[in-house]
Amino acid sequence: MKFIAKLFPEITIKSRPVRRRQIQRLQSNLQILLKRIDSAIKVSAFWDKVEVSIPGQNDALCEQIVDVMERVPGIQQFLEVKEYPLVDFDDTFQLTRAAYAERLRGKTFKVRVKRTGQHTFTSVEMERYIGGGLREHTEAAGVDVRNPQVWVDLEIRDETLFVVTAIHQGQGGYPLGTQEDVLSLISGGFDSVVSSYMTMRRGSKTHFLFFNLGGHAHEIGVKQVALYLWQRYGASARVKFVTVPFEEVVGEILQSVHHSHMGVILKRMMMRAADKVADRMELNAIVTGESVAQVSSQTLPNLRLIDESCNHLVLRPLVTMDKPDIIDITRRIGAFEFASAMPEYCGVISDKPTTHARRERVEAEESNFDFEVLERALEQAEVISIDDIVENRNIHGDIEAMTRVEAHQTLIDIRPPRDQERKPLNMPGCDVRVIPFYKLETEFSQLSAEREYLLYCDKGVMSQMHAQHLHERGHENVKVYRPATH
């Protein structure tokens, strides 16, 4: 079985050295991710594509490969193909009919042949032969050269025939690591989630910077969504997650700054802190999820003043996007449940905010601010590798992990609904409840205090974090469920 990955079109117009480097990086990224699935998977790079090969036919393995390749930046689309020696027209027709007969039932089609090498026939001649055979010897509705319901795709390279059995869309963009690293300010809401995803898709290893304004619960949620983004779209490279405690900074702003300028001053303090963090990490750019005029601090005059507080390039991938479009992207990338459950803390300190701040007034307001508070926050910053989140002492705690569910215990599946539907828990005899993580805090207090509850998620990260948080809220009857692996 083989998969042929077609390159993102912008890669193909690069100079030869740049194109070669980008193809090699795409190959390397795929190798890193696919070797985690099966060491027998082979990834080969060519001038115009990357091929992924597995020995034999393994449907379960193919599904896993498709899932990975759909999420790897740099791939425009990829073909799922079966490989055969090229014999003659009739043999090619028989192989094509075997692959497409069921899909053509009652539908119109068109045959498409792409050919590389020297042959005694043309692509059109083969298309006509195969098309005529399929029309006569399948239950297809007929040929439609303008708007077919099914494309019958074949590729011929020298003496090898590839019958395309499926075409999958990729992420597009550039291979991760082909652009410079960036530092993304992430609050866990729709905007910062999508802006982080977009820089990952564009080829930049994206490190995360979180300003904690809302306590431990907020930190849990943001780490959760950052880990999700990395696992889904950036796991071929290790990145950092940086937490800066900002409650004291907010408190100083509340005491020292006029309410009309609190929002702008807060953003300037964040950019100053991000500037320092980016310097320490030797990064060239800072990424934010701001969009023009979406909120008061994001008018052009205010954004200009915010940017003046830092020395790094500020990237705003969403700068002209509408909110509904941003939300649609979170649905497409599987992050909607995370973002929709995230409280927005930045807006709580603004009262009749200015939309046209002036430099003189901003500087006068900041002259009352004790910048030692900001320095203390930076000194307390915590830096961890994104894949070490579950081992972080702040969330690991002493929560007991159980490998089985006892009679006096209830298992709570806290996974997102999509994961619950795709892979439902099948545990006969166990009391199982389904409470997605974003409803857990509100619904847990309604459960009986007489029982013990085991939280479950696929990788054990969300369950560990949420159990720790519930413990801190006084719920001692919470543990995590971690099935024994064999």
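Given the structure is predicted, the values throughout are model-derived calculations rather than measurements.

What counts, and where the lines are drawn
- Residues numbered from 1 in each chain as written.
- Predicted model: local features only at pLDDT ≥ 70, side-chain atom pairs only at ≥ 80, totals over all residues.
- Heavy atoms only, no water.
- Helix = DSSP H or I, 4+ residues; strand = E, 2+ residues; numbered from the N terminus.
- Buried < 20%, exposed > 50% of the residue type's maximum accessible area, 1.4 Å probe, protein only.
- Contact = heavy atoms within 4.5 Å.
- Areas by Shrake-Rupley, 256 points an atom, 1.4 Å probe, with all protein chains shown as cover.
- Axes fitted to C-alpha atoms, helices over the stretch in contact; angles between N-to-C directions.
- Left-handed = near helix turned anticlockwise from the far one by under 90°.
- Nonpolar A, V, L, I, M, F, W, Y, C, P; charged D, E, K, R; others polar.
- Pairing = 2+ DSSP bridges.
- UniProt positions renumbered as here; feature names shortened; annotations may be inferred.
- Phe/Tyr/Trp six-rings, centres within 6.5 Å; stacked < 30°, edge-to-face > 60°.
- Lys NZ or Arg CZ within 6 Å of the ring centre and 35° of its normal.
- Arc of directions from axis to C-beta.

## Let's talk about the overall build of the chain
Scanning the chain from terminus to terminus reveals 18 helices and 19 strands. In terms of its C-alpha atoms, the chain occupies a principal-axis envelope of roughly 85 × 65 × 40 Å. For the chain, buried positions account for 51% of its 486 residues. Sequence-distant contacts in the chain: of pairs separated by 6 or more residues, those separated by 24 or more amount to 79%. As displayed, the chain offers around 23000 Å² of accessible surface, 47% of which is attributable to carbon and sulfur atoms.

## Description of the packing of helix H8 (residues 247-256) against helix H9 (residues 262-281)
It is the contact of H8 with H9, at a shortest axis distance of 10 Å, that shows an interaxial angle of 145 degrees. Taken as a pair, H8 and H9 cross one another with a handedness that is right-handed. For the pair H8 and H9, contact is made by Val249, Val250, Ile253 and Leu254 and by Met262, Ile265, Leu266 and Met269, respectively. Among the residues forming the contact of H8 with H9, the class breakdown is 8 nonpolar, no polar and no charged.

## A few points about the sheet that holds strand S9 (residues 179-185)
Ordered by their spatial adjacency, 6 strands build an open sheet running S13-S12-S9-S10-S11-S14, and the pairing between neighbours is mixed. This sheet does not close on itself; its edge strands, each paired only once, are strand S13 (313-315) and strand S14 (382-385). Adjacent strand axes in the sheet meet at a mean angle of 25 degrees when their direction is disregarded. For S9 and strand S10 (residues 204-212), the ladder comprises 5 bridges, and the chain directions are parallel. Residue pairing across strands places valine 182 opposite threonine 206, the latter belonging to S10.

## As for unusual backbone geometry
In this structure, glutamate 282 takes a positive phi of about 55 degrees despite not being glycine. Checked against the element boundaries, glutamate 282 lands in the loop between H9 and strand S12 (285-287).

## Some details on the sheet that holds strand S18 (residues 452-456)
Spatial ordering of the open sheet is given by S15-S19-S18-S16-S17, a layout of 5 strands whose pairing is parallel. Lying at the two open borders of the sheet, with one neighbouring strand each, are strand S15 (401-402) and strand S17 (431-434). Across 2 bridges, the pairing between S15 and strand S19 (residues 478-481) is parallel. Looking at the pairing, alanine 401 lines up with valine 480 of S19.

## With respect to the UniProt feature "binding site: ATP" (unreviewed entry) in the chain
Mapped onto the present numbering, the UniProt feature "binding site: ATP" (unreviewed entry) falls at Leu185, Ile186, Lys267, Gly289 and Gln298. Structurally, lysine 267 can be placed in helix H9. We classify lysine 267 as buried; its relative accessible area is 14%. Look past the residues within four positions of lysine 267 in its chain and what remains in contact with it is Glu290, Ser297, Gln298 and Ile306. Turning to its location among the elements, glycine 289 is positioned in the loop between S12 and helix H10 (300-307).

## Points about the packing of aromatic side chains
Aromatic ring pairs are reported here in terms of the distance separating the ring centres and the angle at which the planes meet. Following the criterion strictly, the structure yields 13 aromatic pairs and no others. Between phenylalanine 89 and phenylalanine 121 the ring centres are 5.1 Å apart and the planes differ by 85 degrees, which places this aromatic pair in the edge-to-face class. A residue pair is termed long-range when its members are at least 10 positions apart, and phenylalanine 89 in helix H4 (residues 89-104) and phenylalanine 121 in the loop between strand S5 (108-116) and helix H5 (123-137) qualify at 32 residues. Centre to centre, the rings of tyrosine 456 and tyrosine 481 are 5.9 Å apart; their planes meet at 55 degrees, and the pair counts as tilted. A residue pair is termed long-range when its members are at least 10 positions apart, and tyrosine 456 in strand S18 and tyrosine 481 in strand S19 qualify at 25 residues. The pair formed by tyrosine 456 and tyrosine 481 is uniform in burial state, with each residue classed as buried. Through pairs of rings, three or more aromatic residues link up here, namely Phe89, Phe121 and Tyr129. Just above the ring of tyrosine 100 sits the side chain of arginine 103; from NZ or CZ to the centre is 4.3 Å. In this structure, arginine 112 is placed above the aromatic ring of tryptophan 151, and the distance from its NZ or CZ to the ring centre is 3.9 Å.

## Quick word on H8
Side chains of residues three or four places apart in an α-helix project in the same direction, reflecting 3.6 residues per turn. Restricting attention to buried positions, one finds in H8 the residues Val249, Val250, Glu252, Ile253 and Ser256. Taken down its axis, H8 places every buried residue within 160 degrees of arc, on the same side. For H8, the elements touching its buried residues are H9, helix H13 (359-366) and helix H14 (371-379).

## So, the pairing of S18
By the criterion of burial, S18 is predominantly enclosed, with 4 of the 5 residues buried. As judged from the 5 bridges shared by strand S16 (residues 409-413) and S18, these two strands associate in the parallel manner. Within S18, the position partnered with threonine 410 by the bridge is tyrosine 453. Looking at chain direction, S18 and S19 are connected through 3 bridges and run parallel. When the sheet's bridge partners are listed, leucine 454 is paired in S19 with lysine 479.

## A closer look at the environment of histidine 475
Residue placement: histidine 475 occurs in the loop between helix H18 (461-472) and S19. The partly exposed category is assigned to histidine 475, whose relative accessible area is 24%. When the C-alpha positions of histidine 475 and serine 260 are compared, they lie 40 Å apart, and in sequence the two are 215 residues distant. Ignoring any residue separated from it by four or fewer positions in sequence, one finds histidine 475 in contact with Phe444 and Leu470.

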